[in-house]
There are 2 protein chains.
Amino acid sequence: MLSPQSAIPLYQQLKDDLREKIKTGALGPDERLPSERELCAQYHVSRMTVRQALAELVNEGLLYRTHGKGTFVARPRIDQELVRVTPFESTLRSKGLRPATKILGSRMVSADYEMATALAIPLLSPLVNLTLLGLGNEQPVAYYSAYFPEKIGHKMVEAARLRLSQGVSFTTYDLYNDLPEVSPARLTQSFEAIAADDRLAEILQVSPGKPLMHITTVVYLEDGRPSEYRHSYYRADMYRFHITRPAK
Amino acid sequence: MLSPQSAIPLYQQLKDDLREKIKTGALGPDERLPSERELCAQYHVSRMTVRQALAELVNEGLLYRTHGKGTFVARPRIDQELVRVTPFESTLRSKGLRPATKILGSRMVSADYEMATALAIPLLSPLVNLTLLGLGNEQPVAYYSAYFPEKIGHKMVEAARLRLSQGVSFTTYDLYNDLPEVSPARLTQSFEAIAADDRLAEILQVSPGKPLMHITTVVYLEDGRPSEYRHSYYRADMYRFHITRPAK
């Protein structure tokens, strides 16, 4: 239990104890914590101490609050390494989630200003738009809307259908492995935190206004031509992105 | 004006026209757009066409909506390159914003579990916590809370005060340039989209619940020892982060 004689402040001891319970699984993902009153009684500490400990654990992302329902243990976020692209399948499995992919649709569109600029092609060029939903334990975790020049796009859609029929999960990025004649050399990405609008909220099954990570990617081939323009939206409570880089 | 005979759908022509006006400055940042009804009259298009064009421009981040007040032109986001660290001063100036830094506080704290783990030091080690507010045109854009081992921390606080007295804007990262004996070699960063809690909302002057980009950074010196553990919070409507990387 906590020690009032310690140099470590009580709220910090409480934090460390709760953190340990989350780490060891004594408190599981989405499990409701005892009420503030119960925690006070259980740890023999004041309401203030409990509040400070919970507030900081919420801030650090280990707990989350649902209005009127209480405080819950957050599910650990999916860690996505930014420097190397890791397959969707193994990224999710490493977090103990069963990965799955749904093809939401594939259709022909005409390049608007934004797509034409990104893909360095004339306005109104025909593009293939492939939309995918990434799931973990049957819950949507990421939504991808990718635009390809026509030729590559048709191959991508075929590769996606084949993977689906084989029951393998994937993102558009994984599909390049199935097309040996299309070899991506580099990509540019931009990261923005956004609030889910009604459409994205419905797709990702979150409340409108909830934060999402919006990543815009352009993939380039060896010869410098862009092969894909993609918008990806990740549930902010499920994903964290990582990078290691030189300081200068 | 728009051409109903064109192969380009009307909503897309309207989008392109509005985009052009934003790009050339004919519609300035935070300027209110005419109402849907006015846009219908002005462009001779249906309400549906106007709605689709506005919805997509909101989605692309060029416009934003304020409930009950209308649709406004978004301020272009500050582009932060991820591969090279760029100084706060020039990053903001390149966006036409007057940069400034406020020191919110500096204090001694004892390392909790999280800080001790990140900085690879014993629990309760003394740390210096320096908190800074980055401003653009007097508006808060980013909030930094950095933890340093004691010795480095005192030098950092001194360097921050010196920069402040010289009227130069900075982040903790810029301060390394003022300490030739402390040379960062690499850093790890994680990116999360979060919703602003009450405290962060007040500091950054946004409504609670609004999306923020939360970046957690550990800076490492040449000898592998961590020199800094930092939480940075960026207004999501002001910042976009960029990376270019090889595809394999």
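Conventions adopted
- Residues numbered from 1 in each chain as written.
- Chains lettered and ligands numbered in written order.
- Predicted model: local features only at pLDDT ≥ 70, side-chain atom pairs only at ≥ 80, totals over all residues.
- Heavy atoms only, no water.
- Least-squares fit on C-alpha atoms with pLDDT ≥ 70 in both.
- Contact = heavy atoms within 4.5 Å.
- Phe/Tyr/Trp six-rings, centres within 6.5 Å; stacked < 30°, edge-to-face > 60°.
- Buried < 20%, exposed > 50% of the residue type's maximum accessible area, 1.4 Å probe, protein only.
- Lys NZ or Arg CZ within 6 Å of the ring centre and 35° of its normal.
- Buried area = accessible area lost by both parts, 1.4 Å probe.
- Salt bridge = Lys/Arg side-chain N within 4 Å of Asp/Glu carboxyl O.
- Polar contact = N/O pair within 3.5 Å; in protein donor to acceptor, adjacent residues only side chain to side chain.
- Helix = DSSP H or I, 4+ residues; strand = E, 2+ residues; numbered from the N terminus.
- Nonpolar A, V, L, I, M, F, W, Y, C, P; charged D, E, K, R; others polar.
- Pairing = 2+ DSSP bridges.
- Domains from an automatic or database assignment.
- Expected span 1.5 Å × (residues − 1).
- Arc of directions from axis to C-beta.
- pLDDT = per-residue confidence, 0-100.
- Axes fitted to C-alpha atoms, helices over the stretch in contact; angles between N-to-C directions.
- Parallel < 35°, antiparallel > 145°, perpendicular 65-115°, else oblique.
- Left-handed = near helix turned anticlockwise from the far one by under 90°.

A.B. asks: Pulling in residues and values, what's your account of the relation of the copies chain B and chain A?
C.D. replies: What relates the two chain copies is a rotation about an axis together with a slide along it. For the match of chain B to chain A, the screw axis carries a shift of 0.0 Å, the RMSD comes to 0.1 Å, and the turn is 180 degrees. Look at the turn and shift together and you get a two-fold axis relating the two. Comparing interface residues between copies, 98% of those in chain B also lie at the interface in chain A; the contact surface is shared.

A.B. asks: I'd love a proper account of the packing of aromatic side chains, names of residues and values included.
C.D. replies: The geometry of an aromatic ring pair is captured by the separation of the ring centres together with the interplanar angle, meaning the angle of the planes. Per the counting criterion, the structure on display carries 19 aromatic pairs over all chains. With 4.9 Å between their ring centres and 75 degrees between their planes, Tyr234 of chain B and Phe241 of chain B make a pair best called edge-to-face. Each member of the pair, Tyr234 of chain B together with Phe241 of chain B, is buried. One cation-aromatic arrangement involves Arg186 of chain A over Tyr220 of chain A; the distance from NZ or CZ to the ring centre is 4.2 Å.

A.B. asks: I'd love a proper account of the interface of chain B and chain A, names of residues and values included.
C.D. replies: Every contact between the two is made by 51 residues of chain B and, on the other side, 50 residues of chain A. By the criterion of area lost to chain A, the three top residues of chain B are Tyr113, Arg245 and Ala247 of chain B, representing 16% of everything that side buries. Counting across the chain B and chain A interface gives 4 salt bridges. Summed over the shared surface of chain B and chain A, the number is 8 residue pairs in polar contact (both at pLDDT 80 or more). When contributions to the side of chain B that touches chain A are tallied by element, the ones reaching two or more residues are helix H1 (10-24), helix H5 (113-119), strand E7 (184-195), strand E8 (211-221) and strand E10 (239-246) of chain B. No other element matches the 12 residues that E7 of chain B contributes to the side of chain B that touches chain A. Residue classes in the side of chain B that touches chain A are distributed as 25 nonpolar, 10 polar and 16 charged.

A.B. asks: An account of the pairing of strand E2 (residues 70-73) of chain A is requested, with residue identities and associated values reported.
C.D. replies: Residues and elements named next belong to chain A. Both strand E1 (residues 63-66) and E2 contribute to a ladder of 4 bridges, which runs antiparallel. What sits directly across from Leu63, in E2, is Val73. Hairpin connection from E1 to E2: 3 residues lie between these consecutive antiparallel strands, with Gly68 at a positive phi of about 80 degrees.

A.B. asks: Which residues make up the pattern of salt bridges, and what are the values?
C.D. replies: Taken as a whole and judged by the stated rule, the model has 26 salt bridges over all chains. When the shortest N-O distance is used, the salt bridge between Glu192 of chain A and Arg240 of chain B registers 3.6 Å. A residue pair is termed interchain when its members come from two chains, as with Glu192 of chain A in strand E7 (residues 184-195) and Arg240 of chain B in strand E10. We note a salt bridge from Asp17 of chain B to Lys21 of chain B, for which the minimum N-O separation is 3.2 Å. In this pair, Asp17 of chain B and Lys21 of chain B are both assigned in helix H1, 4 residues apart and thus about one turn of the helix distant. Via salt bridges that share partners, Lys15 and Glu56 of chain A together with Asp112 of chain B belong to a single interconnected network.

A.B. asks: Please give an account of the domain arrangement of chain A that cites residues and values.
C.D. replies: What the domain assignment lists for chain A is domain 1 (10-73) and domain 2 (78-242). Once you take the C-alpha centre of each, domain 1 of chain A and domain 2 of chain A turn out to be 36 Å apart.

A.B. asks: Describe the environment of Leu200 of chain A, with residues and values.
C.D. replies: All names here are of chain A. Tracing the sequence through the fold places Leu200 in helix H8 (residues 198-204). Linking Leu200 and Ser110, residues 90 residues apart in sequence, is a C-alpha distance of 22 Å. Not counting residues up to four positions away in its chain, the partners in contact with Leu200 are Tyr143, Ile194, Leu212 and Tyr233.

A.B. asks: A description of helix H6 (residues 150-165) of chain A should follow, citing residues and the corresponding values.
C.D. replies: Residues and elements named next belong to chain A. The terminal C-alpha atoms of H6 lie 23 Å apart, and with 16 residues this matches the ideal 22 Å at 1.5 Å per residue to within 8%. All of the buried residues in H6 are Ile152, Gly153, Met156, Val157, Ala159, Ala160 and Arg163. In an axial view of H6, the angular spread of the buried residues amounts to 165 degrees, which keeps them on one side of the axis. Exposed side of H6, more than 90 degrees from the buried face: Lys151, Glu158, Arg161 and Ser165 are the residues found there. On its buried face, H6 is in contact with strand E4 (99-110), strand E5 (126-136), strand E6 (139-149), helix H7 (172-175), strand E8 (211-221) and strand E9 (226-235). Once H6 ends, the next one or two residues include Gly167, with phi positive near 70 degrees.

A.B. asks: Can you tell me about the confidence of the model for chain A, naming the residues and giving the values?
C.D. replies: Residue and element names in this part refer to chain A. Mean pLDDT over chain A: 88, with 96% of residues reaching 70 or higher. Averaged pLDDT values for the elements of chain A fall to 66 in strand E3 (residues 78-81) and rise to 96 in E5. Model confidence for the complex is summarised by a pTM of 0.75, with the ipTM given as 0.72.

A.B. asks: Tell me about the packing of H1 of chain B against helix H3 (residues 47-59) of chain B, and please be specific about residues and values.
C.D. replies: Residue and element names in this part refer to chain B. The N-to-C vectors of H1 and H3 enclose an angle of 50 degrees; their axes lie 8 Å apart at closest approach. With respect to each other, H1 and H3 are oriented oblique. The way H1 lies across H3 gives a crossing that is right-handed. Between H1 and H3, the residues in contact are Leu10, Tyr11, Leu14, Lys15 and Leu18 and Thr49, Val50, Gln52, Ala53, Leu54, Glu56 and Leu57, respectively. Tallied by class, residues from the contact of H1 with H3 come to 8 nonpolar, 2 polar and 2 charged.

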